[in-house]
Amino acid sequence: RERARGDEGGGMSLLKRRKLGGTGTGQVPYVAPDEEDAAMNAAAEDMDDAMVALEVLRSQYPAGSAHPVPIVFVTQIYSLVKDRTAVDRSLAKACKAQRVRMFLAPGSSTEMLVQKMEDFRLSLDQAMVSARTRGA
């Protein structure tokens, strides 16, 4: 059997995998990556598994929900990434680079939350506006 040219390690998108239909001959046809695949692969090269998992979890927040600014439990990231040590290293590196903020969950001595810095700044802005409107 021949292997598909795009399936030889890295040829297929990390974030988007196409369902490839069989031809009935046991061979899988080659599907050339499109521009969207190339852009997603370029973005994925800058992000490790933990940061990709954080983005996936952030994308689950609906617009206008009760929690308008996404915040994620670290245990949620652990459930998506096999290597917990790699997750911890990645989050520590992102904290040091000021790309994310980590918090201890209220009422817990061990449960950690993670929030992207842009979301943290947005939540601060929202709190300042709220405080101004209550004080006026």
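See above for the structure.
In this numbering scheme, every chain counts its residues from 1 along its sequence in written order. Per-residue local features are limited, in this predicted model, to residues with pLDDT of at least 70; the limit for side-chain atom pairs, both in listing and counting, is 80 or more; totals at the level of whole chains, interfaces and linings are taken over all residues. Note that the side-chain values use all heavy atoms of the structure and ignore hydrogens as well as water.

Engineer: Describe unusual backbone geometry, naming the residues involved and giving the relevant values.
Structural biologist: Of note, Gln98 is a non-glycine position whose phi angle comes to about 60°, a positive value. Partly exposed describes any residue whose relative accessible area lies between the buried limit of under 20% and the exposed limit of over 50%, with all areas from a 1.4 Å probe on protein chains only and scaled to the type maximum. Gln98 sits in the exposed class, given a relative accessible area of 56%.

Engineer: I'd like a description of the sheet that holds strand S3 (residues 112-116), backed by residues and values.
Structural biologist: If DSSP finds at least two bridges between two strands, the strands pair. Secondary structure counts use DSSP, requiring at least four H or I residues in a row for a helix and at least two E residues in a row for a strand, with both numbered from the N terminus. Strands sit in the order S1-S3-S2 across an open sheet of three strands; the sheet is antiparallel. Two strands bound the open sheet, and with one partner strand each, they are strand S1 (72-73) and strand S2 (100-104). In this sheet, S3 lies alongside S1 in antiparallel orientation, the contact comprising two bridges. In the sheet register, Val72 faces S3, and the bridge partner there is Val114.

Engineer: An account of helix H2 (residues 49-58) is needed here, citing residue identities and associated values.
Structural biologist: H2 sits mainly inside the fold: seven of its 10 residues count as buried. Inspection of H2 places Ala50, Met51, Val52, Ala53, Leu54, Leu57 and Arg58 among the buried residues, and these make up the whole buried set. Here a residue-residue contact requires only that any non-hydrogen atoms of the pair lie within 4.5 Å. Each element contacted by the buried residues of H2 is listed here: S1, helix H3 (74-80), helix H4 (84-96), S2, S3 and helix H5 (117-135).

Engineer: Go over the packing of aromatic side chains with me, naming the residues and quoting the values.
Structural biologist: Each aromatic ring pair is characterised by the separation of its centres together with the angle its planes make. Each pair of aromatic rings taken from Phe, Tyr and Trp, with Trp reduced to its six-membered ring, is defined by centres within 6.5 Å and is described as stacked if the planes are under 30 degrees apart, edge-to-face if over 60, and tilted in the remaining cases. Taken as a whole and assessed by the stated rule, the structure comprises one aromatic pair. Ring centres of Phe103 and Phe120 lie 5.7 Å apart, and the angle between their planes is 35°; this geometry places the pair in the tilted category. Taken together, the positions of Phe103 in strand S2 and Phe120 in helix H5 put the pair 17 residues apart, joining distant regions of the chain.

Engineer: Summarise the nonpolar core; cite the residues concerned and give the values.
Structural biologist: Counting 15 residues, the largest nonpolar core has Leu54, Val72, Ile77, Val87, Leu91 and Val114 as the members making the most contacts within it. Looking at this core, the elements that each hand over two or more residues are H2, H3 and H4. Broken down by element, this core gets its largest block of residues, five residues, from H2. Apart from residues no more than four positions distant in its own chain, Ile77 is found in contact with Ala50, Ala53, Leu54, Leu57, Val72, Val87, Leu91 and Val114. What is meant by a nonpolar core is a set of buried Ala, Val, Leu, Ile, Met, Phe, Trp, Tyr and Cys residues, joined one to another through side-chain atoms within 4.5 Å.

Engineer: Could you give an account of the pattern of salt bridges, naming the residues involved and the relevant values?
Structural biologist: Think of it this way: side chains of opposite charge can pair up when their charged atoms draw near. Salt bridge, as used here: a side-chain nitrogen of Lys or Arg that lies within 4 Å of a carboxyl oxygen of Asp or Glu. Applying the stated rule across the entire model yields four salt bridges. Here Lys116 ties to Glu55 by a salt bridge, and the two come within 2.7 Å at their closest N and O atoms. Within this pair, whereas Lys116 is found in strand S3, its partner Glu55 is found in helix H2, the two being separated by 61 residues in sequence. For Lys116, a relative accessible area of 19% puts it in the buried group. Between Glu118 and Arg58 there is a salt bridge; the shortest N-O distance is 3.6 Å. One end of the pair, Glu118, is in helix H5; the other, Arg58, is in helix H2, and 60 residues separate them in sequence. Since its relative accessible area comes to 48%, Glu118 is described here as partly exposed. We classify Arg58 as buried; its relative accessible area is 16%. A single salt-bridge network, built from bridges that share partners, covers Glu55, Arg58, Lys116, Glu118 and Asp119.

Engineer: Account for the environment of Ala92, with residues named and values stated.
Structural biologist: Structurally, Ala92 can be placed in helix H4. Its relative accessible area of 46% is what places Ala92 among the partly exposed residues. Once the C-alpha coordinates of Ala92 and Met102 are considered, the two residues, 10 residues apart in sequence, prove to be 9.0 Å apart.

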